[in-house]
Amino acid sequence: MAEKLRVEGVSKSFPSRGGTLSVLEHIDLSVADGEIVVIVGHSGCGKSTLLKNIAGLERPTSGSITLDGTPITAPGPDRTMIFQEHRLLPWMTIIDNVAFGLQGLPKAERLETARHYLDLVGLSEFERAYPAQLSGGMSQRAAIARALATKPEVLLLDEPFGALDVLTKMDLQDEILNVRECEATTMVMVTHDIDEAVYLADRIVVMSNRPGKIEEIVPVELGRPRERGSADFAWYTKRILNHFLKPREKKFDYVI
Amino acid sequence: MRTKTLNLLEMLVLPALILLAWHWSTVTGAVPSIVLPTLSAVGSSIAGQLVSGRLQSDVLISVSRILKGYGLAVVFGLAFGVATGMSAHVDRFFGGLFRAIRQIPMVAWVPLLVMWFGIGEESKVAVIFLASFFQVLLNTIDGIQHCDKRLVEVGKMYRLSPWQLFQKIYLPSALPQIFVGLKLGLSVSWMAVVAAEMIAASSGIGFRINDARALLDYPTVFSGMIAIAVAGVLMDVVLSLTTRACMPWERSESHG
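Residues numbered from 1 in each chain as written. Chains lettered and ligands numbered in written order. Predicted model: local features only at pLDDT ≥ 70, side-chain atom pairs only at ≥ 80, totals over all residues. Heavy atoms only, no water.

Enquirer: Would you mind going over the overall build of chain A with me for this structure?
Expert: Helix and strand counts for chain A stand at seven helices and ten strands. For chain A, whose C-alpha radius of gyration is 20 Å, the value lies close to the compact-globule estimate of 18 Å for 256 residues. With respect to the three principal axes, the spread of C-alpha positions in chain A is 75 × 40 × 40 Å. As displayed, chain A offers around 12300 Å² of accessible surface, 51% of which is attributable to carbon and sulfur atoms. The averaged location of the 36 negative side-chain charges in chain A is 6 Å from the averaged location of its 30 positive side-chain charges. (Helix = DSSP H or I, 4+ residues; strand = E, 2+ residues; numbered from the N terminus. Rg over C-alpha atoms; globule rule 2.2 N^0.38 Å. Areas by Shrake-Rupley, 256 points an atom, 1.4 Å probe, with all protein chains shown as cover. Lys, Arg positive; Asp, Glu negative; His and termini not counted. Charge placed at Lys NZ, Arg CZ, Asp CG, Glu CD.)

In structure tokens, the structure reads:
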């Protein structure tokens, strides 16, 4: 498959008291067109920062990020991001929220596109509702519709289902796979849920903590749909988990 | 419908009890009428003034002063508030001065304003302006500055222009706080106009109260106070209805 997104030697550091705090260190990653790459790591390991850099909301301290060979320097219509919180605008109805990214277009076209994506995530009945009237899962569906409405080539997902209950989460994971089926969108997702990573990813990127470095990239060679209870699934889960289960140091009861 | 009537009755219980106690204590002579005029004396004073048109014209004069002073305060308060809230430069330039001036109680302005503008219209309008301007200003600044930065990030991701960011994100998010300022401003306007009219004026409801006090005409003092309360509540209701109309999303209830 053709390369879509390329992250090359990206480092990011912030000035802090008594020096600089290095958040990302020399990240190299190549994402193919239509691929789902899931990044797992501890919270605070810089995975969200990496996504924000790809989105163009932040700039790397060094290194480059290119999309189809063009360097990313600012937010663009080809990339949208879904956050952990739905971040819908409370003062807009659901349909206006979904149409939010389509500012330049004529109104009729905006609404038509928004309706299409509301339908896709199963929220057609709620287009006149306000976000406060929706449940957490429904709000996150609306946020997905908003992100898809601009027809991005790359969808960036920053722990999008972290705040949802397990059943809603599983529903929305299938929704994401469904989106990939329909729209062939390339996706980069960040999560700390290893099950979610194995269920969704074509490749899993394991990141280490402080500074964030890539420890291993694991291709998930399972067919779809994936069976959460299967032995192969468990094998991958265990393999990823091993990165985070440090061998326990032996503790002594007495020191003589 | 039935609960609505009951709720209304519930609101009327306390005022009714107070009127009853007032009536009983004055009619039986438990409280001398020089301390507290009888309800019927106040009633006939109100009726008499309504028939002669004096009460209406007194209230109208005060209200028109409020509309001028408060109107100016709203225009300037919103304009400066938005500019100060949106721009750190404007905030640094004006912020210190505004914060210092607002510490001066509005009554302390009266002697100076009377010296500058005389006891005519201008000094009243100026007092009302000074009293309500800072309420509107500071609440507007506060509302704009406390806008959720995560929503601003969404706006940036969808590449909104600075004007669109203001119009679609900063302003609606600040509206509840702005209306708090408008409401506080209106209520201090009432206080300011009555105080100013009592200190130095030849017309208006505050003047009427002070004049009646000098003539020991306590029923008129009471009727003036009642007129202020009624007019104040009416203006507050108008503002509350405007608030509701401007923020339809605030009425939506969660059923998630």
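Moving on from the coordinates now.
Enquirer: Explanation requested: the overall build of chain B in the structure shown.
Expert: Looking only at helices and strands, chain B features ten helices and zero strands. Counted from the first residue to the last, chain B has its helices and strands arranged as α-α-α-α-α-α-α-α-α-α. Taking 18 Å as the expected radius of gyration for a compact globule of 256 residues, we find that chain B reaches 23 Å, considerably beyond that expectation. Its C-alpha atoms give chain B principal-axis dimensions of about 75 × 55 × 30 Å. Here chain B, with 256 residues, has 40% of them falling under the buried criterion. For chain B, long-range pairs separated by at least 24 residues make up 70% of all intrachain contacts whose partners lie at least 6 apart in sequence. (Buried < 20%, exposed > 50% of the residue type's maximum accessible area, 1.4 Å probe, protein only. Contact = heavy atoms within 4.5 Å.)

Enquirer: Looking at this structure, I do not really get the pattern of salt bridges. What am I missing?
Expert: A pair can form between side chains of opposite charge whenever their charged atoms are brought close. All names here are of chain A. In the structure shown here, the tally under the stated rule is 27 salt bridges over all chains. As a salt-bridge pair, Arg79 and Asp78 come within 3.0 Å of each other at their nearest N and O atoms. In this structure, Arg239 and Glu216 form a salt bridge, with 2.2 Å as the shortest nitrogen-oxygen distance. Of this pair, Arg239 sits in helix 7 (residues 231–241) while Glu216 sits in strand 10 (residues 214–219); the two residues are 23 residues apart in sequence, bridging distant segments of the chain. Among the residues examined, Glu216 registers a relative accessible area of 21% and is labelled partly exposed. (Salt bridge = Lys/Arg side-chain N within 4 Å of Asp/Glu carboxyl O.)

Enquirer: Would you explain the sheet that holds strand 8 (residues 186–191) of chain A in this entry?
Expert: The strands that make up a sheet are held in pairs by hydrogen bonds between backbone atoms, and each pair lies either parallel or antiparallel. All names here are of chain A. Ordered in space as 6-7-8-3-9-10, the six strands form an open sheet in which the pairing is mixed. In this open sheet, the two edge strands, each paired with only one partner strand, are strand 6 (79–82) and strand 10. Strand-to-strand, the axes of this sheet are offset by a mean angle of 15°, without reference to chain direction. As judged from the five bridges shared by strand 9 (residues 203–207) and strand 10, these two strands associate in the antiparallel manner. In the strand pairing of strand 10, Val205 is matched with Ile217. Helix 5 (residues 166–183) contacts strand 3 (36–40), strand 7 (154–158) and strand 8 of the sheet and is inclined by roughly 160° relative to strand 8. (Pairing = 2+ DSSP bridges. Axes fitted to C-alpha atoms, helices over the stretch in contact; angles between N-to-C directions.)

Enquirer: How should I be thinking about the packing of aromatic side chains in this particular structure?
Expert: The geometry of two aromatic rings is summed up by the distance between their centres and the angle between their planes. Taken as a whole, this structure holds 15 aromatic pairs over all chains when the rule is applied. Between Trp22 of chain B and Phe222 of chain B, the aromatic rings sit 5.3 Å apart at their centres with planes inclined by 45°, giving tilted as the arrangement. Placement of Trp22 of chain B in helix 1 (residues 2–27) and of Phe222 of chain B in helix 10 (residues 218–246) is noted, with a sequence separation of 200 residues between them. Positioned over the ring face of Phe83 of chain A is Arg87 of chain A, at 3.7 Å from the centre of the ring. In this structure, Arg228 of chain A is placed above the aromatic ring of Tyr199 of chain A, and the distance from its NZ or CZ to the ring centre is 3.7 Å. (Phe/Tyr/Trp six-rings, centres within 6.5 Å; stacked < 30°, edge-to-face > 60°. Lys NZ or Arg CZ within 6 Å of the ring centre and 35° of its normal.)

Enquirer: Help me out: how do you make sense of the interface of chain A and chain B in this one?
Expert: The figure often quoted for interface size is the accessible area lost as the parts come together. Every contact between the two is made by 26 residues of chain A and, on the other side, 22 residues of chain B. Counting the surface lost from both chain A and chain B, the interface buries some 2200 Å², and carbon and sulfur atoms represent 69% of this. The interface formed by chain A and chain B contains three salt bridges. For Glu153 of chain B, the salt bridge identified is with Arg87 of chain A, shortest N-O distance 2.6 Å. Across the chain A-chain B interface, the total number found is five residue pairs in polar contact (both at pLDDT 80 or more). Breaking the side of chain A that touches chain B down by element, the ones donating at least two residues are strand 6 and helix 4 (136–149) of chain A. Residues of the side of chain A that touches chain B, tallied by class, amount to 15 nonpolar, seven polar and four charged. (Buried area = accessible area lost by both parts, 1.4 Å probe. Polar contact = N/O pair within 3.5 Å; in protein donor to acceptor, adjacent residues only side chain to side chain. Nonpolar A, V, L, I, M, F, W, Y, C, P; charged D, E, K, R; others polar.)

Enquirer: For this particular structure, what's the right way to read the environment of Ile101 of chain B?
Expert: Relative to the helices and strands, Ile101 of chain B is located in helix 4 (residues 88–101). Once residues within four sequence positions are removed from consideration, Ile101 of chain B is found in contact with Trp109 and Phe134 of chain B.

Enquirer: So what exactly am I meant to see when it comes to the packing of helix 9 (residues 205–214) of chain B against helix 10 of chain B here?
Expert: Helix packing geometry: the angle between the two helix axes and the distance between the axes. Residue and element names in this part refer to chain B. Between helix 9 and helix 10, whose axes approach to 8 Å, the crossing angle comes to 160°. Relative to helix 10, the element helix 9 lies roughly antiparallel. You can see that helix 9 and helix 10 cross each other, and the crossing is left-handed. Contacts between helix 9 and helix 10 involve Ile205, Arg208, Ile209, Ala212 and Arg213 on the former and, on the latter, Thr220, Val221, Gly224, Met225, Ala227 and Ile228. Of the residues in the contact of helix 9 with helix 10, the class split is seven nonpolar, two polar and two charged. (Parallel < 35°, antiparallel > 145°, perpendicular 65-115°, else oblique. Left-handed = near helix turned anticlockwise from the far one by under 90°.)

Enquirer: So what exactly am I meant to see when it comes to the sheet that holds strand 2 (residues 19–32) of chain A here?
Expert: Residues and elements named next belong to chain A. On the basis of which strands lie adjacent, the open sheet formed by four strands has the order 2-1-4-5 and antiparallel pairing. At either end of the open sheet lies a strand with only one pairing partner, and these are strand 2 and strand 5 (70–71). Sheet strands in contact with helix 1 (residues 47–55) are strand 1 (3–16), strand 2 and strand 4 (62–67), and its direction is about 120° off that of strand 1.

Enquirer: Looking at this structure, how should I read the packing of helix 4 of chain B against helix 6 (residues 121–145) of chain B?
Expert: Residue and element names in this part refer to chain B. Contact geometry for helix 4 and helix 6: axes closest at 11 Å, N-to-C directions at 135°. As the angle between them shows, helix 4 and helix 6 are arranged oblique. Note that helix 4 runs across helix 6; the crossing there is left-handed. In contact with Asp91, Phe98 and Ile101 of helix 4, helix 6 contributes Phe133, Phe134, Leu137 and Gln145. Of the residues contributing to the contact of helix 4 with helix 6, the split by class is five nonpolar, one polar and one charged.

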